[in-house]
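Notes for the structure review
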Amino acid sequence: MRRPAPPEGRRGRPARLIAAAALLGGGLVALGTPLGPLPPLGPLLDPASGVWAVARSAILPASATARLPGLDGPVSVVYDRRGVPHIFAETEADAYRAQGYVVARDRLFQLELQTRATTGRLTEWVGPLALPADRLMRSLGLAGVAERQFAQLDTTAPDHLALRAYAEGVNAWITGLEPRHLPLEYRLLDIRPEPWRPEHTLYLLQRMNWTLSYGQLTPKRERVAALVGPRAADALLAPWSPIQEPIIPNGREAPRFDFTPLPEPELGPGRLALDPVPTPPSTEGPLGSNNWALAGARTGSGFPILAGDPHLELTLPSIWYEIHLVVPGVLDVYGATIPGAPGVIIGFNRHLAWSFTNTEADVMDYYREAVDDAAAPTRTRLDGGWRDVERRLETYRDRDGAVVARDTFFTSHRGPLLREGDAWLSLRWTALEPSRTQRALLAAPKAENARDWLTAMEAFAVPPQNALVADRFGTIAIRSTGHFPLRPASRGGRVLDGSTSANDWTGYRPPARMPQAIDPDQGYLASANQQPSDPLADSTYLGADWRQPWRAIQINRLLRARHDWTPEEVARLQTDPRSAKADFFVPYFRDAVARLSEQGRADSIVVEAGRMLGTWDLRYTLESAQAVLFEFAMEELTTRIWDELGDDESTRAHTPPSALLPRLLEDPTNAWWDVRATDVAETRDSILLSSLRAGFERAREEHGPPGTVSWHWGNVRQMQIHHLLRIPALSALDVPNAGGTGTLSPMGAHGTHGASWRMVVELGPKEVRARTIYPGGQSGNPASPWYQDRLARWSAGELDAVSFPVSPEELLANQVSARLSLTP
């Protein structure tokens, strides 16, 4: 069957040239770290089993049969024209075995890279250059937690059986893998794949915990307090958002602003307590995720519609893999899974659809421990007695087995012990506690209505998520789901005295007390990582330093406006380029220009910049020059206001969210406006103008005179979707994106994070209609037509209609690209 060639990105390569181009880079980069030179080219260029064989294995045969040991019966796998496997099995275990098999075929290197990254074993591939990343992972002990969780599972439990079946499928592919079919990355690194163990899926979940819940509120607050005093630190990292547009409806038709003046900074010696630690990549910029559900009263058809788009790091291949699993009478689920996890994580069945956004809750605490030996503790003091400390020796080896380094890590009864000077801090984190998250993820897709789905999700522990669901009977619901610690103190973010159990958690917030809403009067529900509940309605501490609310404001503004939404219009909302953030800040810039112009204090540059903003429609379209000016001006404004916290992002102890700025904008002479490095006392208007001027001059310096295409947003900021090894020839670089900070399709300053998956589902009484897209493609093989075939449509904001057949025969001949029969 003929297949169209994959799209060529602005720096892309046709698939047939990718393998050759990859050899010309001279070195490899993985996880942002240079990994050294390429292996000898001789074996790579071997015509039979070298890198050129990658192209020969990129295309699935139209019909094939394979043996998968352990199957209970035959399994039919039908690949549709988008490369999505529809798996039809007789038992649930067989469905997961087949899933492991087909995912390994498409994403084997991704499976192993994730595992090694979590266990801290990248040095075994690339040597000492990976040592910092490996040390961080081993210090947290995430892999050990996953292994203990797996060992504690009932061997007859559904999650245990699913993990084992999935592993059998992955290993069946690995065992039958001929050298000529070895994925490109293994050839480039000159390595072979390892067997997949059932607990590796739990490693993956721990990696997601690190990405989504490894918050650093306490170290951040400690560093800020050391610079500007505890009162200011508490205000800058407050447990409530200064702009309230909560997930759980509060009965208001507009955001609620807190204009209370910020406490003045109390400049101290500036000792940065609690040294900064590496943070997960998802923390880049004002990103997060969106989801919303419309009840039938808000849609043109009268049927509920659910939309979801998680915003994560964008890679090739994608973090997501699209799949359909069918077991008659047991399972019929479609959606996105993460390679390495059985089942579907975000998706829909014949009755309901669901999606998630990160809750951003505070699920970590630090305790200052009294130890018996400051050099190498063996015990910690607790309530007048002593508790033993676990000591763990970690050895890092290179690819030849030689020792690269050794570390000794200590773990208290609360969690890992981290040294700070002569003191020891223990870390308690929900990710290190017992969890049944995998069980919830396998059970929830079998639910037949929204309430049953919420009940199944009560077992979900980590990472905390805003779980949104809609069913075909008309119910829409959302709940902040996960383990939220109950603390004796009113809030977190402080180093606690570890010598007393009075400071320990007393349990977790029960499901009935979690922020949640079912069938609200307003007819819709929406989350975008904002604070779940208005503190005026529920002041229970969940976290602090909340994500910026601009996306939530824009979603609510749009959804409130109509009662006749269609799936097509809902899909367009996911890439709506209007910025609620610009809506708020642009008038302040313009008014400051007008005031100082009347006083004769605004120069020609400022006047020109003000005029440009005055003609802006506040949309981050590809042709917008004003979006460039506004972004640069806001960056300059941030640097000037928070100079007490550091000079720039690389040295700043903390960058407070822009949601705090309204409190300053309503207080023109607040001390935070004053820049320490100058001899004059700056005020609001002078800082707004100097920021606008600097933003304009910076744009002109970097992109030439205004009015040229070099000022267009699409030419200034693009998405950078890197291959997992960051090889440019295998990446999609400078991908256009109509969106920016604060828009519904966000993009951070480096362009590496954005909408990793978009889904819109209409739930009719007889039919489920769905559209999906993600940036990339199903295959991890750069020579495959499914490597990045979806990228152009994703960039344009388009979604693909989904095939959701009940049986293999329902897929029409022109919808099928390949058939695979798996036999015991």
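For the structure given in this document, a descriptive report is provided here.

Calculation criteria
Throughout this document, residue positions are counted from 1 along each chain, in the order its sequence is written. For this predicted model, a pLDDT threshold of at least 70 governs which residues receive local features, and a threshold of 80 or more governs which side-chain atom pairs are given and counted, while totals over whole chains, interfaces and linings are taken from all residues. To get the side-chain values, take all heavy atoms of the structure and skip hydrogens and water. The criterion for strand pairing is that DSSP finds at least two bridges linking the strands in question. Numbered from the N terminus, helices here are DSSP runs of H or I no shorter than four residues, and strands are runs of E no shorter than two. Here an angle of 0 to 180 degrees is reported between the N-to-C directions of two axes, which are lines fitted to C-alpha atoms, with helices fitted over the stretch in contact. For this analysis, residues touch if any pair of their heavy atoms sits within 4.5 Å. Each helix should span, by expectation, one fewer than its residue count multiplied by 1.5 Å. In this analysis the local bend is the angle between axes fitted, respectively, to the seven residues ending at and the seven residues starting at the residue. For every residue, the accessible area obtained with a 1.4 Å probe (protein chains only) is divided by the maximum for its type, and the residue is called buried under 20%, exposed over 50%, and partly exposed between those limits. The set of buried Ala, Val, Leu, Ile, Met, Phe, Trp, Tyr and Cys residues whose side-chain atoms join them within 4.5 Å is what this entry labels a nonpolar core. For this analysis, a salt bridge means a side-chain nitrogen from Lys or Arg found within 4 Å of a carboxyl oxygen belonging to Asp or Glu. Within 6.5 Å between ring centres, the rings of Phe, Tyr and Trp (the latter by its six-membered ring) count as paired, and their orientation is classed by plane angle as stacked under 30 degrees, edge-to-face over 60, tilted in between.

Quick look at the sheet that holds strand 12 (residues 331–337) now. An order of 3-33-4-5-11-12-13-14-22-23-25 is seen for the eleven strands of this open sheet, with the pairing classed as mixed. The open sheet is flanked by strand 3 (63–67) and strand 25 (516–518), the only strands paired with a single partner. Strand-to-strand twist in this sheet, taken as the mean axis angle between neighbours without regard to direction, amounts to 20°. Of the pairings in the sheet, the one linking strand 22 (residues 465–471) to strand 23 (residues 476–481) comprises six bridges and is antiparallel in character. Each bridged residue has a counterpart across the sheet, and for glutamine 465 the counterpart in strand 23 is threonine 481. Each of strand 3, strand 4 (75–80), strand 5 (85–88), strand 11 (321–327), strand 12 and strand 33 (816–823) is contacted by helix 4 (residues 92–119), which is oriented at about 160° to strand 11, the strand it contacts most.

Attention shifts here to helix 4. Taking 1.5 Å per residue, 28 residues should reach 40 Å; helix 4 reaches only 29 Å between its end C-alpha atoms and comes up short. The largest bend along helix 4 measures about 95° and falls at arginine 107. The buried fraction of helix 4 amounts to 25 of the 28 residues, a majority that puts the element mostly inside the structure. Backbone geometry just downstream of helix 4 places glycine 120 in the positive-phi region, at approximately 70°.

Counting 214 residues, the largest nonpolar core has Val102, Phe348, Trp453, Phe630 and Leu822 as its most contacted members. At twelve residues, the largest contribution of residues to this core is made by helix 4. Apart from the residues within four sequence positions on either side, leucine 822 is in contact with Ala66, Leu68, Leu71, Gly73, Pro74, Val75, Val77, Ala98 and Tyr101. Counting residues in each nonpolar core, the second largest holds 21 residues, with Met137, Val145, Leu432 and Met514 among its members.

Once that is clear, we can look at unusual backbone geometry. Note the cis peptide between leucine 316 and proline 317, where omega equals -5°. The omega angle of the peptide bond from valine 462 to proline 463 is -15°, so this bond is cis rather than trans. Positive phi outside glycine occurs at aspartate 734, with the angle close to 60°. In this structure, aspartate 734 sits in strand 28 (residues 732–735). With a relative accessible area of 13%, aspartate 734 lands in the buried category.

Before going further, it helps to spend a moment on the pattern of salt bridges. Between side chains of opposite charge, a pair can form when the charged atoms approach closely. In this structure the tally under the stated criterion is 57 salt bridges. As a salt-bridge pair, arginine 428 and glutamate 433 come within 3.0 Å of each other at their nearest N and O atoms. Glutamate 433 shares its class with arginine 428; the two are buried. Aspartate 643 is paired through a salt bridge with arginine 676; the nearest N and O atoms lie 3.6 Å apart. A residue pair is termed long-range when its members are at least 10 positions apart, and aspartate 643 in the loop between helix 19 (626–641) and helix 20 (661–665) and arginine 676 in the loop between helix 20 and helix 21 (684–703) qualify at 33 residues. Judged by its relative accessible area of 7%, aspartate 643 falls in the buried class.

In the structure shown here, the tally under the stated rule is 25 aromatic pairs. Plain terms: the ring middles of phenylalanine 109 and tryptophan 125 are 5.4 Å apart, the flat faces sit at 15° to each other, and that makes the pair stacked. Of the two residues, phenylalanine 109 is situated in helix 4 and tryptophan 125 in helix 5 (residues 123–126); the sequence distance between them amounts to 16 residues. For phenylalanine 109, a relative accessible area of 3% gives the class buried. Geometrically, the ring pair formed by phenylalanine 584 and phenylalanine 585 is edge-to-face, given 5.1 Å between the ring centres and 80° between the ring planes. In this structure phenylalanine 584 comes out as buried when scored by relative accessible area, which is 15%. A relative accessible area of 2% places phenylalanine 585 in the buried class. Members of the aromatic cluster, connected to one another through ring pairs, are Phe257, Phe259, Trp550, Phe584, Phe585 and Tyr588.

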